[in-house]
Amino acid sequence: MGRVILMMNVTLDGCCDHTQVIADEELHRYTADLMDQSDGGLFGRTIYQLMESTWPAIASSGEGPEFLVDFARKLDRKPKYVFSRTLDHVSWQNAYLLKGPVSEEVPKLTAEGKTLLVNGGPGLGSTLAQLGLVDEYHFLVQPIVAGRGPQLLGGISGRMKLKLTETRTFGSGVVLMRYVPAG
């Protein structure tokens, strides 16, 4: 049986805006290591389009710092499962558009033994958490107050109890807080 790992960057004021975070070599390597443990990624439309606008060009050109090129190429090779109600197709290499409900599509993928990494936006992340489909949470707490942006798991309607399994501090001051659902 596969599993779902949700990784989200969050600022000190609870915002999940990818434009507001530290994205240095150490954090890219951490994410690349998580990708190595997965069989593919789950994306909502917004994050997919944001990533598609950047990473394929770096992967194909090879231009940029070595750690970014390595990250881009690894991401390019991985299967990418995209949830969208508005997209008709996805064009990124190894991307697959999922039109069914998250509650049906994700259990199908994990039943096939797939471990899926959600490099998440709060929309899909909240949906997966609300449905009880997340097996592990990796919150990368950024030493930043964004002052605006979507909130971490803002779509959760009830209480969720989590158990802390790991903390780690990166050189940038980012703190990893890793949790699993409790009980």
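Quick caveat, the model's predicted, so the values are computed rather than measured.

### Structural notes on the overall build of the protein
For step 1, the next point in the chain: Along its length, the protein carries six helices and eight strands.
For step 2, the next point in the chain: N-terminal to C-terminal, the α/β element order of the protein is β-α-β-α-α-α-β-β-α-β-α-β-β-β.
For step 3, the next point in the chain: Its C-alpha atoms give the protein a radius of gyration of 16 Å, within 12% of the compact-globule value 16 Å for 183 residues.
For step 4, the next point in the chain: Along the first, second and third principal axes, the C-alpha atoms of the protein reach 45 × 40 × 30 Å.
For step 5, the next point in the chain: Out of the 183 residues in the protein, the part that is buried amounts to 47%.
For step 6, the next point in the chain: A fraction of 71% describes how many contacts in the protein between residues 6 or more apart in sequence connect residues 24 or more apart.

### Here we look at the UniProt feature "domain: Bacterial bifunctional deaminase-reductase C-terminal" (unreviewed entry) in the protein
For step 1, the next point in the chain: If you check UniProt for "domain: Bacterial bifunctional deaminase-reductase C-terminal" (unreviewed entry), the listed places come out as residues 4-176 in our numbering.
For step 2, the next point in the chain: Along residues 4-176, the helical share is 34% and the strand share 24%, with 17 Å between the first and last C-alpha atoms.

### Let's talk about the pattern of salt bridges
For step 1, the next point in the chain: On inspection of all chains with the given rule, the structure shows six salt bridges.
For step 2, the next point in the chain: Across the salt bridge formed by Lys-114 and Glu-112, the nearest N and O atoms sit 2.7 Å from each other.
For step 3, the next point in the chain: Classification of Lys-114 as buried rests on a relative accessible area of 19%.
For step 4, the next point in the chain: Using a relative accessible area of 54% as the deciding quantity, one classes Glu-112 as exposed.
For step 5, the next point in the chain: The shortest N-O distance in the salt bridge between Glu-166 and Arg-178 comes to 2.9 Å. One end of the pair, Glu-166, is in strand S7 (residues 162-169); the other, Arg-178, is in strand S8 (residues 175-181), and twelve residues separate them in sequence.
For step 6, the next point in the chain: On the basis of relative accessibility, which here comes to 26%, the residue Arg-178 falls in the partly exposed class.
For step 7, the next point in the chain: Overlapping salt bridges, with partners in common, bring together Arg-3, Glu-136, Glu-166 and Arg-178 in one network.

### Some thoughts on the side chain of Glu-105
For step 1, the next point in the chain: Relative to the assigned elements, Glu-105 resides in helix H5 (residues 102-111).
For step 2, the next point in the chain: Non-local contacts of Glu-105, meaning those with residues more than four positions away in its chain, are made with Phe-83, Leu-98, Lys-99 and Gly-100.

### As for the environment of Gly-149
For step 1, the next point in the chain: Within the fold, Gly-149 resides in the loop between strand S6 (136-142) and S7.
For step 2, the next point in the chain: By relative accessible area, Gly-149 is classed as partly exposed at 36%.
For step 3, the next point in the chain: Sequence separation of Gly-149 and Asp-13 is 136 residues, and the distance between their C-alpha atoms is 9.6 Å.

### Section: the packing of aromatic side chains
For step 1, the next point in the chain: Evaluation of the coordinates by the stated rule reveals six aromatic pairs.
For step 2, the next point in the chain: Measuring from ring centre to ring centre gives 5.5 Å for Tyr-30 and Phe-170, while their planes differ by 75 degrees; the resulting arrangement is edge-to-face. Residue Tyr-30 is found in helix H1 (residues 25-36), and its partner Phe-170 is found in the loop between S7 and S8; the two are separated by 140 residues along the sequence. In this structure, Tyr-30 and Phe-170 share a single accessibility class: buried.
For step 3, the next point in the chain: Between the aromatic rings of Tyr-81 and Tyr-96, the centroid separation amounts to 5.6 Å while the plane-to-plane angle is 25 degrees, which identifies the pairing as stacked. With Tyr-81 in strand S3 (residues 80-83) and Tyr-96 in strand S4 (residues 95-98), this pair connects stretches of sequence that are 15 residues apart.
For step 4, the next point in the chain: By relative accessible area, which is 9% here, Tyr-81 ends up buried.
For step 5, the next point in the chain: Judged by relative accessible area, Tyr-96 falls into the partly exposed class, the value being 42%.
For step 6, the next point in the chain: Site record: aromatic cluster; members linked through ring pairs are Tyr-137, Phe-139 and Tyr-179.
For step 7, the next point in the chain: Just above the ring of Trp-92 sits the side chain of Lys-80; from NZ or CZ to the centre is 4.7 Å.

Conventions used here
Residues numbered from 1 in each chain as written. Predicted model: local features only at pLDDT ≥ 70, side-chain atom pairs only at ≥ 80, totals over all residues. Heavy atoms only, no water. Helix = DSSP H or I, 4+ residues; strand = E, 2+ residues; numbered from the N terminus. Rg over C-alpha atoms; globule rule 2.2 N^0.38 Å. Buried < 20%, exposed > 50% of the residue type's maximum accessible area, 1.4 Å probe, protein only. Contact = heavy atoms within 4.5 Å. UniProt positions renumbered as here; feature names shortened; annotations may be inferred. Salt bridge = Lys/Arg side-chain N within 4 Å of Asp/Glu carboxyl O. Phe/Tyr/Trp six-rings, centres within 6.5 Å; stacked < 30°, edge-to-face > 60°. Lys NZ or Arg CZ within 6 Å of the ring centre and 35° of its normal.

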